Amino acid sequence: MEGTKPVNKKLAAALSGGAVLVLALSGCGGDDNEKLDSWAKQVCDAVQPQAKKIESANAAIQKETSDNSTPKDVQKTDAKAFQDMSDAYKAIGGAVSKAGAPDVENGEKKQQDAVKELNSISASYADLKKQVDDLDTKDQGKFADGLKDIATELDKLSQSGNDALRNLEEGEVGQAMARQSSCKAATGSAGATQS
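Procedures and definitions
Residues numbered from 1 in each chain as written. Predicted model: local features only at pLDDT ≥ 70, side-chain atom pairs only at ≥ 80, totals over all residues. Heavy atoms only, no water. Helix = DSSP H or I, 4+ residues; strand = E, 2+ residues; numbered from the N terminus. Buried < 20%, exposed > 50% of the residue type's maximum accessible area, 1.4 Å probe, protein only. Contact = heavy atoms within 4.5 Å. Areas by Shrake-Rupley, 256 points an atom, 1.4 Å probe, with all protein chains shown as cover. Polar contact = N/O pair within 3.5 Å; in protein donor to acceptor, adjacent residues only side chain to side chain. Phe/Tyr/Trp six-rings, centres within 6.5 Å; stacked < 30°, edge-to-face > 60°.

### Observations concerning the overall build of the protein
Part 1 of the reasoning: Along the protein, the regular secondary structure elements total eight helices and zero strands.
Part 2 of the reasoning: Listed N to C, the secondary structure of the protein is α-α-α-α-α-α-α-α in terms of helices and strands.
Part 3 of the reasoning: The buried share of the protein, reckoned over its 195 residues, is 47%.
Part 4 of the reasoning: Taking the intrachain contacts of the protein between residues at least 6 apart in sequence as the baseline, contacts between residues at least 24 apart amount to 87%.
Part 5 of the reasoning: Split by element, the accessible area of the protein, about 9,600 Å² in all, is 48% carbon and sulfur.

Now the structure itself:
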């Protein structure tokens, strides 16, 4: 199984770099703003289970890369993980959309940009799942090459985007989210994957 191993490791590294983008929350304290706090609570409560889902998917890929797994096992695990991530980002996008615009300057634009970005990340993971499903597991070399391409795309995915989410979470919104216990719970373990 040596052929796919280094590539699997690359896949895992690319994933852990970009997995829980949504949860790079910063700052604590700040002035209480009831409207904003209730918005943040709604979003954080919805994000928490999805963050766990993303983390489990990430962990599954990491685990698969450390075992001597067959290409078929790797394919199955990766496809499920990408599907879970796609679903999770879609659900987070839905939660941000449902919560409405946060009560801050340019709140509506920030919210719309973030939803667009989350849906786009969801679509990218769905696309990666398709690519994994199409890999040739009978040919070790081809399989390793295919995984390499997927790792490269994952890498790009973790670098790109993010801006609208960071934008949404800056200033008062980030502070309101940092006050929510459900966001703290979601970021506690996710923080380790942030570089």
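### What about the side chain of Thr 77?
Part 1 of the reasoning: Mapped onto the secondary structure, Thr 77 falls in helix H3 (residues 71-99).
Part 2 of the reasoning: A polar contact is formed between the side chain of Thr 77 and the side chain of Glu 64, at a distance of 2.6 Å.
Part 3 of the reasoning: Setting aside residues no more than four positions away along its own chain, Thr 77 makes contact with Ala 60, Ile 61 and Glu 64.

### Looking at the packing of aromatic side chains
Part 1 of the reasoning: Across all of its chains, the model carries two aromatic pairs by this definition.
Part 2 of the reasoning: Aromatic pair Tyr 89 and Tyr 125: ring centres 5.7 Å apart, planes at 5°, arrangement stacked. On the criterion of sequence distance, the pair formed by Tyr 89 in helix H3 and Tyr 125 in helix H4 (residues 107-133) is long-range, its members being 36 residues apart. Of the two residues examined, Tyr 89 and Tyr 125, each falls in the buried class.
Part 3 of the reasoning: Each member of the aromatic cluster is reached from another via a ring pair, and the members are Phe 82, Tyr 89 and Tyr 125.

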